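Structural overview for review
Listed below, chain by chain, are the residues.
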Amino acid sequence: MKERMDGMSAMGKAVKVLTPMMRGQTPYDAAQVRASADVMIAHAGETMTRLFPEGTGAKPSSALPTVWEDWEGFTELAKKLKSYAEGMKLGADNGLAENAVQQGSSMMGGTASVSMGGGMMGAEQTITPEMLASMPVDMAFTAVVQTCSACHQKFRAEEK
């Protein structure tokens, strides 16, 4: 349980480092984006799910019983997190959407929003690391953060 809590903490710290950068509040640093993505990649996917064996939801864990009740949903989010972090790492040199717009790029219209499903005509589209790698990096960051948030909403008890 401590290993997974440490991993979650490391990913949370990586998000906190990147958030002001993605908002343009601190200078953009592609090396830091890659380093933060590496932290997420190291703790997501199967690395994450193996740290949630049955019966490990008791305190001090914040894991809800839904982790094990909807194991398929939980593992899918863990895989997406790793995939999206890989895309963020690959796209680190793309910079932010605002910069892409200023430079006249048409990369995704310069908007930092990523649809997490339900593509054209209502079809579910899987976002691949390669797709994210072709976008401004803040779009990949948005996908990462949305995935974290979706997991927390369904599988993590609120902190009091």
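For the structure, see preceding data.
Residues numbered from 1 in each chain as written. Predicted model: local features only at pLDDT ≥ 70, side-chain atom pairs only at ≥ 80, totals over all residues. Heavy atoms only, no water.

A closer look at the pattern of salt bridges
The tally for this structure, following the rule as stated, stands at five salt bridges. As a salt-bridge pair, Asp38 and Lys89 come within 2.6 Å of each other at their nearest N and O atoms. Taken together, the positions of Asp38 in helix H2 (residues 30-43) and Lys89 in helix H5 (residues 71-90) put the pair 51 residues apart, joining distant regions of the chain. Judged by relative accessible area, Asp38 falls into the partly exposed class, the value being 33%. (Salt bridge = Lys/Arg side-chain N within 4 Å of Asp/Glu carboxyl O. Helix = DSSP H or I, 4+ residues; strand = E, 2+ residues; numbered from the N terminus. Buried < 20%, exposed > 50% of the residue type's maximum accessible area, 1.4 Å probe, protein only.)

Notes on the packing of aromatic side chains
Geometrically, a pair of aromatic rings is defined through the distance of the ring centres and the angle of the planes. Counting across every chain of the model gives four aromatic pairs. With a centroid separation of 6.3 Å and an interplanar angle of 50 degrees, the aromatic rings of Phe52 and Trp68 are classed as tilted. In this pair, Phe52 is assigned in the loop between helix H3 (46-49) and helix H4 (66-69) and Trp68 in helix H4, connecting sequence segments 16 residues apart. Under the relative-accessibility criterion, Phe52 is labelled buried at 7%. Relative to Phe74, the ring of Trp71 has its centre 5.5 Å away and its plane inclined at 40 degrees; by these criteria the two rings are tilted. Residue Trp71 and its partner Phe74 are both found in helix H5; the two are separated by three residues, about one turn of the helix. On the accessibility criterion, Trp71 (31% relative accessible area) is partly exposed. The structure contains a cluster of three or more aromatic residues connected by ring pairs, namely Phe52, Trp68, Trp71, Phe74 and Phe155. Sitting over the face of the ring of Phe52, Arg4 holds its NZ or CZ atom 4.1 Å from the ring centroid. (Phe/Tyr/Trp six-rings, centres within 6.5 Å; stacked < 30°, edge-to-face > 60°. Lys NZ or Arg CZ within 6 Å of the ring centre and 35° of its normal.)

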